[in-house]
Amino acid sequence: MRVRRLLTASLGTLLLFGPTPAAQAAPPDPATHEAAVGSPRGPSDTDLPFGVGPAQRGRSADAPGRQPSQPEPSAKLAGKPRNDVIKDVPAELTDASIAYNLIPYHDIPPALRALQGSDRISVEVIGQSVLGRDLHLVVATAPMSDAQWKNWQQLSDLRFSDPHAAQAKLAAGGYDNWRTPLFINNNIHGNEWEGTDASLQVLQELAFSTDPAVVDMLNKHVVAFVVTNNPDGRVAATRANANGFDMNRDFITASQPEVRAVRAQLVRYSPLTMLDIHGYVSCTLIEPTTGPHGDNYEYDLYIRHALRNALAMERAVLATGETRASCANPDGSRRNDIPFRDRTQGWDDWPPIFTPMYSMYHGTIGHTIEIPLNPRGNLTVAERHERTRINTAVAVASIKGNLGYATEHRSELLANQLEWFRRGVDGESTRPIDDPLAISLARGDNVKTHLQDFARAYVIPAGTDQRSATSAARLVQFMLDNDLQVHRAWRPVKLGGTHYEAGSYVVDMRQAKRGLASALLEVGRDVTNDFNAMYDISAWSHGHLWGATVQRVGTDGTLDDKGLRLVTEARATGAVAPGKQANYGLAVDSVAGIQAVNRLLGDGVRVSRTADGTFVVPGDVSVVRPIAEEYGVEFVRLTPPQVRDATPVSKTRLGVAANGGEIFALRQMGFDPVSVTHTAFNNGTLSFADFDAFFVSTTAFNPLSLDATRSAAFHQWLADGGTVVGRGASGKQFNDRAGLLDVTIAAGRSDANGIVSVVNDPASPITGNALPTAFVDAPQYFTRIGDGVRVDQRLAAEGFFRAGHWGGQDAAAGHAVVVSGVAKGANVTLFGTEPLFRAHPEGLYPQVAAALWR
Ligand SMILES: [Zn+2]
């Protein structure tokens, strides 16, 4: 098994670097604009898997298994943009952009084709939205030959693979002709439109202007624009995408396809600067931010250029003369809103859920820009159009201000990024802000940073039990998709004085983007006392909330790297107990396990469940083998007594009154949630007979609002053994209105959130095998437990709050956060935690599945 997994990894390397059969078979499309401009694309560029970024490519020559005789991989030209055929889409007269005098989505393809008339412009389709709309990346640069692109790519990769060598090359003039990548993301919030229109205006100039300054700029940069990161939201005038996700909260989780598409481009280019254009904040807001600043950034390097670039953009915005886009200083001069300079708290860069903060982990000077005038709401048409005109002009000015700054400070920006990566490979601690300008302009405590000593390595064991294998592979593949380097031990290794078994994954923190590895794997920090107010959440952790075991290895010492091989792909291969079996057992303690059960049930396979929660499947290898391989789960041998007591189960018919993130998470697990409301029951659209379980976390389903007939039906449904899972204050309210569990609840601060240490009841069917950590947001905890109610999980009595922001946290210590019981014949579970929060804490999902399966 172990050997086979290693072979899989090697095979991945070969596949990555060789042209794939599919790519070879693809006929050249004579209609491509690319053919017209004479730059045929490399055979496998289009098939380069997302997320296998420059760091892996740069280091691949060191990876065992790569033969020197292999052909020069065209993946080396990953940065060279394609010119795709941009197809028209049907006109939608209801596109919300039209009312704002802004470009509707259906007018974007012709506009992009017109830009393709310039040999400075390439347009790629980089992915699709939830509803299937294309996401476009436009890259502007002066034309380069393949040989020049090859040289460009080598210098690009050298930044991460060997920052020392890159620094030496920069000093010797070796980067003089290298074009620096810059990045502009637009319209991630669908109802903040104008970045798209502004970028198309700027691109028109970049494509066709003969101004020597523009030509010079195109010879110095590769400028990538995401035209709209949220086309579904643009059309529908929604902030969220069609899954109901705020994607500017999803970058560190990357649950959404639009986010993964843009993440792949950030990985591909590791740009020097990045703008994410939003609205609407009066004065025009330009980051850098207030504190607390994320612990894993090289913040002293970031602020040096972030502040000066912000000042350059402010000058450009003020130069538009649009007084509605700025505010007055006491002396009558005008300014924008630069939170680092102008605010004391509440606009922080702490969580890398935001696109620009995520990009900082790729060595990028990232900025959110908030254009000034909200065009929504009850306005005259003339005023609405005036606002979008000003907003577009402000966005154009900020883009041009950024491009100007990047042109003027090109080599300093590159030197800054190389220093960022050098500290990574050298394993240095972060440093305090030492820039006199930043120190003099910082308001309040915004100049403070918390110095971080990084681990020497992390070990993610993957050999012994199946949860560790599936969850470890999931986490490692996520790290690879984020351009991080991960190794695997092909024999037992000794790291920091400890022995680890063969098959363990090892994250050597001496790597260029180690800050991102730390942001993913560490638990974080309690920042309650740093600042009173935070903009959004203050904790996340893939290492502590995704289910894999992650072990920290010291801060110093050498690694036994002869026993390690670079990983290019991580996938749990699953297993089936050998020999002829009457039945197989499947223990579900990971998302993949839940998916496998729901798949078996959906396929009509006869499934039952033992008293200890193990699923029992008939002994048919042709059924279980493909499931084991697809989901990476393990089917084990069962003893006859285990099977004897098993009870049949069928696919849970699930009704939900929940938020978009929770519904998405339930779908991820393979459930088919149906949204329910009391109204839909009352008017006969829905019937209680069609449901086995309800998950309730909103007030959309109020049992007291059922009419007499439906109320009786609901109580009969409860008495017949229905299942109710309530989450948060609204779940508890549902419980009380239905007269279910006898418990009293207390609420933490509504803005409190974080990662908590919990104590699980080992005998609980819901939490018996749960992680020792959980996530809370607007935390709820139970202060009185009535008769017949089981405490499945409670907060640890001491030091439970591991990371995040929770004023008044002490009052919650030791209290129950998950309770369950049978009430009125129904199986009821209440969560005070947030096990499905924004589809992030995957390692907590099994608790919800177990509660639904009761
Ligand atoms: Zn926004």
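First things first, this report covers the structure right here in the doc. (Residues numbered from 1 in each chain as written. Predicted model: local features only at pLDDT ≥ 70, side-chain atom pairs only at ≥ 80, totals over all residues. Heavy atoms only, no water.)

Quick notes on the overall build of the protein chain
Alright, step 1. Helix and strand content of the protein chain: 28 helices and 34 strands.
Alright, step 2. Since a compact globule built from 854 residues should have a radius of gyration of about 29 Å, the 28 Å found for the protein chain is in line with a globular shape.
Alright, step 3. Dimensions along the principal axes, computed over C-alpha positions, put the protein chain at roughly 80 × 70 × 55 Å.
Alright, step 4. Within the protein chain, contacts between residues at least 6 apart in sequence are counted, and of these 77% link residues at least 24 apart.
Alright, step 5. Here the protein chain has roughly 30,600 Å² of accessible surface; of this, 51% comes from carbon and sulfur atoms.
Alright, step 6. Across the protein chain, the centroid of the 80 positively charged side chains sits 3 Å from that of the 90 negatively charged ones. (Helix = DSSP H or I, 4+ residues; strand = E, 2+ residues; numbered from the N terminus. Rg over C-alpha atoms; globule rule 2.2 N^0.38 Å. Contact = heavy atoms within 4.5 Å. Areas by Shrake-Rupley, 256 points an atom, 1.4 Å probe, with all protein chains shown as cover. Lys, Arg positive; Asp, Glu negative; His and termini not counted. Charge placed at Lys NZ, Arg CZ, Asp CG, Glu CD.)

Concerning the coordination of the zinc ion
Alright, step 1. Bound to the zinc ion on the protein side are His189 (ND1), Glu192 (OE), Glu192 (OE) and His278 (ND1), at distances that span 2.0 to 2.8 Å.
Alright, step 2. Read N to C, the donor residues that coordinate the zinc ion are spaced as H-x2-E-x85-H. Highlighted residues: His189 in the loop between β3 (180-186) and α8 (194-208) and His278 in strand β5 (residues 273-279), separated in sequence by 89 residues.
Alright, step 3. By relative accessible area, which is 2% here, His189 ends up buried.
Alright, step 4. For His278, a relative accessible area of 2% corresponds to the buried category. (Donors = N, O, S within 2.8 Å, 3.2 Å for Na, K, Ca; no water. Buried < 20%, exposed > 50% of the residue type's maximum accessible area, 1.4 Å probe, protein only.)

Focus on the sheet that holds β3
Alright, step 1. On the basis of which strands lie adjacent, the open sheet formed by seven strands has the order β1-β2-β4-β3-β5-β9-β6 and mixed pairing. The open sheet terminates on both sides in strands that have one partner only, identified here as β1 (121-128) and β6 (285-286).
Alright, step 2. In terms of strand pairing, β3 meets β5 through five bridges, oriented parallel. Within β5, the residue paired with Leu182 across the bridge is Thr273. (Pairing = 2+ DSSP bridges.)

Focus on the nonpolar core
Alright, step 1. Counting residues in hydrophobic clusters, the biggest one holds 209 residues, and the most contacted among them are Tyr505, Phe635, Leu666 and Trp806.
Alright, step 2. At eleven residues, helix α12 (residues 299-318) tops the list of elements feeding residues into this core.
Alright, step 3. If we skip the residues at most four places from it in the chain, Leu666 touches Leu654, Val656, Phe671, Pro673, Phe695, Leu836, Val848 and Leu852.
Alright, step 4. Core analysis: the second largest hydrophobic core is formed by 29 residues, Ala680, Phe681, Ala816 and Val828 among them. (Core = buried A, V, L, I, M, F, W, Y, C linked by side-chain atoms within 4.5 Å.)

Comments concerning the pattern of salt bridges
One side chain can pair with another of opposite charge once the charged atoms of both are near each other.
Alright, step 1. Counted under the stated rule, the structure contains 54 salt bridges.
Alright, step 2. The closest approach of N and O atoms between Arg343 and Asp337, which form a salt bridge, is 2.6 Å.
Alright, step 3. Overall, Arg343 belongs to the partly exposed group, its relative accessible area being 26%.
Alright, step 4. Across the pair Arg456 and Asp508 runs a salt bridge whose closest N-O atoms are separated by 2.7 Å. Here Arg456, found in the loop between α17 (436-441) and β10 (457-460), pairs with Asp508, found in strand β14 (residues 505-508); they are 52 residues apart in sequence, far enough to count as distant. With respect to burial, Arg456 and Asp508 carry one shared label: buried.
Alright, step 5. The structure contains a network of salt bridges with shared partners spanning Glu298, Asp300, Glu419, Arg422, Arg423, Asp426, Glu428, Arg431 and Arg514. (Salt bridge = Lys/Arg side-chain N within 4 Å of Asp/Glu carboxyl O.)

Things to note about the sheet that holds strand β11 (residues 487-489)
Alright, step 1. Across the sheet, which stays open at both edges, the five strands sit in the order β15-β10-β14-β11-β16 with antiparallel pairing between neighbours. Unpaired on one side and paired on the other, β15 (551-553) and β16 (564-566) mark the two borders of the sheet. Direction aside, neighbouring strands of the sheet carry axes that sit 30 degrees apart on average.
Alright, step 2. Across three bridges, the pairing between β11 and β16 is antiparallel. Note on β16: the bridge partner recorded for Ala489 is Leu564. (Axes fitted to C-alpha atoms, helices over the stretch in contact; angles between N-to-C directions.)

Comments concerning the packing of aromatic side chains
Alright, step 1. Scanning the entire structure with this criterion turns up 36 aromatic pairs.
Alright, step 2. Both rings, one in Phe681 and one in Phe701, keep their centres 5.3 Å apart while their planes meet at 40 degrees; by these two values the pair is tilted. With Phe681 in helix α25 (residues 678-682) and Phe701 in the loop between β25 (693-696) and α26 (708-719), this residue pair connects regions lying 20 residues apart in the sequence.
Alright, step 3. Residue Phe681 is classed as buried on the basis of its relative accessible area, which comes to 1%.
Alright, step 4. By relative accessible area, which is 2% here, Phe701 ends up buried.
Alright, step 5. Grouped by ring-pair contacts, the aromatic residues Phe681, Phe688, Phe691, Phe694, Phe701, Phe714, Trp717 and Phe734 constitute a single cluster.
Alright, step 6. Its end group placed over the ring of Trp490, Arg491 keeps NZ or CZ at 5.6 Å from the ring centre. (Phe/Tyr/Trp six-rings, centres within 6.5 Å; stacked < 30°, edge-to-face > 60°. Lys NZ or Arg CZ within 6 Å of the ring centre and 35° of its normal.)

Digging into the pairing of strand β32 (residues 801-805)
Alright, step 1. In terms of burial, β32 is a largely internal element, four of the five residues being buried.
Alright, step 2. Across four bridges, strand β28 (residues 753-760) lies against β32 in antiparallel orientation. When the sheet's bridge partners are listed, Asn753 is paired in β32 with His805.

A word on the packing of helix α6 (residues 146-161) against helix α7 (residues 163-171)
Relative orientation and spacing of two packed helices are given, respectively, by the angle between their axes and the distance between those axes.
Alright, step 1. Packing of α6 against α7 brings their axes to within 6 Å, and their N-to-C directions diverge by 130 degrees. Compared by their axis directions, α6 and α7 come out oblique. When α6 is examined against α7, the residues Leu155, Leu158, Arg159, Phe160 and Ser161 are found in contact with a partner set consisting of Pro163, Ala165, Ala166 and Lys169.
Alright, step 2. For the contact of α6 with α7, a count of residues per class yields six nonpolar, one polar and two charged. (Parallel < 35°, antiparallel > 145°, perpendicular 65-115°, else oblique. Nonpolar A, V, L, I, M, F, W, Y, C, P; charged D, E, K, R; others polar.)

Side note on the pairing of strand β23 (residues 654-657)
Alright, step 1. Here β23 shows a buried face lined by Leu654 and Val656 and a second buried face lined by Gly655 and Ala657.
Alright, step 2. As paired elements, β23 and β25 share four bridges and run parallel to each other. Considered in β25, the bridge of Ala657 is made with Val696.
Alright, step 3. Sheet analysis places β23 next to strand β24 (residues 674-675), joined by two bridges and oriented parallel. Note on β24: the bridge partner recorded for Gly655 is Val674.
Alright, step 4. For the crossover that starts at β23, traverses helix α24 (residues 660-668) and ends in the parallel β24, the hand is right-handed. (Right-handed = clockwise from strand over helix to strand, strands pointing away.)

Here we look at the side chain of Ser255
Alright, step 1. Within the element layout of this structure, Ser255 appears in the loop between α10 (231-236) and α11 (257-269).
Alright, step 2. Within the structure, the side chain of Ser255 is placed 2.9 Å from the side chain of Asp250, a separation counted as a polar contact.
Alright, step 3. Beyond its immediate sequence surroundings of up to four residues, Ser255 is in contact with Phe245, Asp250, Arg260, Phe664, Arg838 and Ala839. (Polar contact = N/O pair within 3.5 Å; in protein donor to acceptor, adjacent residues only side chain to side chain.)

Quick look at helix α21 (residues 591-602)
Alright, step 1. With twelve residues, α21 should cover 16 Å at 1.5 Å per step; its first-to-last C-alpha distance of 16 Å lies within 8% of that length.
Alright, step 2. Where burial is concerned, most of α21 is hidden: nine out of the twelve residues are buried.
Alright, step 3. Taken together, the buried positions of α21 are Val591, Ala592, Gly593, Ile594, Ala596, Val597, Asn598, Leu600 and Leu601.
Alright, step 4. Remark: Gly604 follows α21 within two positions and exhibits a positive phi of approximately 80 degrees. (Expected span 1.5 Å × (residues − 1).)

Here we look at α11
Alright, step 1. Given a rise of 1.5 Å per residue, 13 residues ought to cover 18 Å, and the 19 Å separating the end C-alpha atoms of α11 matches this to within 8%.
Alright, step 2. For α11, a buried count of eleven out of 13 residues is recorded, marking the element as mostly surrounded by other parts of the structure.
Alright, step 3. Two residues or fewer after α11 comes Ser270, characterised by a positive phi angle close to 40 degrees.

Some words on the packing of helix α15 (residues 381-408) against helix α16 (residues 410-426)
Alright, step 1. Relative to each other, α15 and α16 sit at 80 degrees, their axes nearing to 4 Å. It follows from the interaxial angle that α15 and α16 lie roughly perpendicular. Contact residues: α15 offers Tyr405, Ala406, Thr407 and Glu408, while α16 offers Arg410, Glu412 and Leu413.
Alright, step 2. Considering only residue class, the contact of α15 with α16 consists of three nonpolar, one polar and three charged.

Description of the environment of Ile766
Alright, step 1. Among the secondary structure elements, Ile766 is positioned in the loop between β28 and β29 (773-777).
Alright, step 2. For Ile766, a relative accessible area of 5% translates into the label buried.
Alright, step 3. Along the primary structure Ile766 and Leu638 are separated by 128 residues, whereas in three dimensions their C-alpha atoms are 22 Å apart.
Alright, step 4. Apart from residues lying up to four places away in sequence, Ile766 is in contact with Asp792, Ser820, Thr829, Phe831, Gln847, Ala850, Ala851 and Arg854.

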